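Now for the letters of each chain:
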Amino acid sequence: MELLACEVPNSYLTDCELANNKVADNKLADNSTPIPGQSARTDSGGLLSRLATSTSVRRQRRVLSRRASTWDHHTPAGLEKVIAAVLAAAAVSPGDKVVDLGCGTGHLSLPLAERGARVLAVDVSPAMVQRLGFKARERSVVGLECLTAPMERLSLAAGSVDLIVSCYALHHLRDADKDRLVATAYHWLRPGGTLLVADMMFGRGGTSRDRAIIRSKVRALARKGIGGWWRIAKNGYRYLARVQERPVSISAWTAMFSSAGFTGITASSIVAEAGMVSGQRPDEAT
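Caption draft 1: Summary view of the packing of aromatic side chains. Counting across every chain of the model gives two aromatic pairs. Both rings, one in Tyr186 and one in Phe262, keep their centres 5.2 Å apart while their planes meet at 85°; by these two values the pair is edge-to-face. Linking Tyr186 in helix 6 (residues 175-188) with Phe262 in the loop between helix 9 (250-260) and strand 7 (263-271), this pair joins segments that are 76 residues apart in sequence. Both rings, one in Phe257 and one in Phe262, keep their centres 5.2 Å apart while their planes meet at 40°; by these two values the pair is tilted. Residues Phe257 and Phe262 agree in their burial class; the two are buried. Three or more aromatic residues link up through ring pairs in this structure, and these residues are Tyr186, Phe257 and Phe262.

In structure tokens form, the structure reads like this:
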């Protein structure tokens, strides 16, 4: 992992375990925080699972780094509403310790830091992180640190974070890695802390909502002519083969939250295929 300061006067999370300052592209350091009683869950895939995750991470880094220079100018339709919904739900207070998973160029990290939160922005793409650092300096943002690292191998100290957010990033993960990340995030949070995930949330066509989302996306692309049909073919392959984009349904996300131990779970649709799920780590007093 590579830690890049974004004009931060002091270290963000002094109790975060950010080991292995650099990770080679062909290796992944397994720094993940062990989860009590969960060793079988996190290691059951063995070598083949780790190799698959490594391949997925390299693909994510390559694809997202190519998009970094145009990311802020070609945001997906409706993303502004998703970002606004996440920021409204986050409701941070000055001094809150926040982790933004898959931060991109800072759609969440920058406004959260500007509201007084101490933000650790994490992304697999060095180009995205560098762009975020540039924007942070332009806006004189303080209380922000950036970390180039795959989310699948991130390590933070247990009980060290008030809020974990992610917006349109986790659909890139393999399903087993999504599940593992939710379970690990539970232990990164302090009692009473919140995990908030907003993403494309639809399944494999098994529900009327799934089918309506798929139809609307196909129709929208078909109206664009030959280029749109090419994208239908390309995106259809990715959807069927679960390459690059691996969305799961809102109900699948709520099941992962519940299995990890979160309570007060809420789930809602935002716009088009976008949904949001949040949950709290129970307060020890309760």
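Caption draft 2: Focus on the pattern of salt bridges. For the coordinates displayed, the defined rule picks out four salt bridges. As a salt-bridge pair, Asp177 and Arg174 come within 3.3 Å of each other at their nearest N and O atoms. For Arg174, a relative accessible area of 19% puts it in the buried group. Note that Lys178 is salt-bridged to Asp175, the shortest N-O span being 2.8 Å. Residue Lys178 and its partner Asp175 are located together in helix 6, separated by three residues, close to a single helical turn. We classify Lys178 as buried; its relative accessible area is 1%.

Caption draft 3: Here's a closer look at the nonpolar core. Counting 33 residues, the largest nonpolar core has Val98, Leu108, Leu112 and Leu144 as the members making the most contacts within it. Every element with two or more residues in this core is listed here: helix 3 (79-90), helix 4 (109-114), strand 3 (118-123), helix 5 (126-138), strand 4 (144-148), strand 5 (161-167), strand 6 (189-200) and strand 8 (274-280). Broken down by element, this core gets its largest block of residues, six residues, from helix 3. The residues touching Leu112, leaving out its near neighbours within four places in the chain, are Leu87, Ala90, Val92, Val98, Ala117, Val119 and Val165. Counting 32 residues, the second-largest nonpolar core is a separate cluster that includes Trp188, Leu189, Leu195 and Phe262.

Caption draft 4: Region of the structure containing empty space enclosed by the protein. Taken as a whole and assessed by the stated rule, the structure comprises two cavities of 30 Å³ or more. Of the volumes computed, that of the second largest cavity is approximately 40 Å³. Taken together, Leu101, Leu170, Lys178, Leu181, Val182, Ala185, Leu195 and Val197 make up the lining of the second largest cavity. Of all elements in the fold, only helix 6 and strand 6 reach the threshold of two or more residues within the lining of the second largest cavity. The element contributing the most residues to the lining of the second largest cavity is helix 6, with four residues. Looking at the lining of the second largest cavity residue by residue, the class counts come to seven nonpolar, no polar and one charged.

Rules used throughout
Residues numbered from 1 in each chain as written. Predicted model: local features only at pLDDT ≥ 70, side-chain atom pairs only at ≥ 80, totals over all residues. Heavy atoms only, no water. Phe/Tyr/Trp six-rings, centres within 6.5 Å; stacked < 30°, edge-to-face > 60°. Helix = DSSP H or I, 4+ residues; strand = E, 2+ residues; numbered from the N terminus. Buried < 20%, exposed > 50% of the residue type's maximum accessible area, 1.4 Å probe, protein only. Salt bridge = Lys/Arg side-chain N within 4 Å of Asp/Glu carboxyl O. Core = buried A, V, L, I, M, F, W, Y, C linked by side-chain atoms within 4.5 Å. Contact = heavy atoms within 4.5 Å. 1 Å grid on protein atoms, 1.4 Å probe; cavity = no way out; pocket = protein on both sides within 12 Å on 5 of 7 lines; lining within 4 Å. Points joined across faces, edges and corners; volume = space filled by probe spheres on them. Nonpolar A, V, L, I, M, F, W, Y, C, P; charged D, E, K, R; others polar.

Fair warning: the whole summary comes from geometry, so function is off the table for now.
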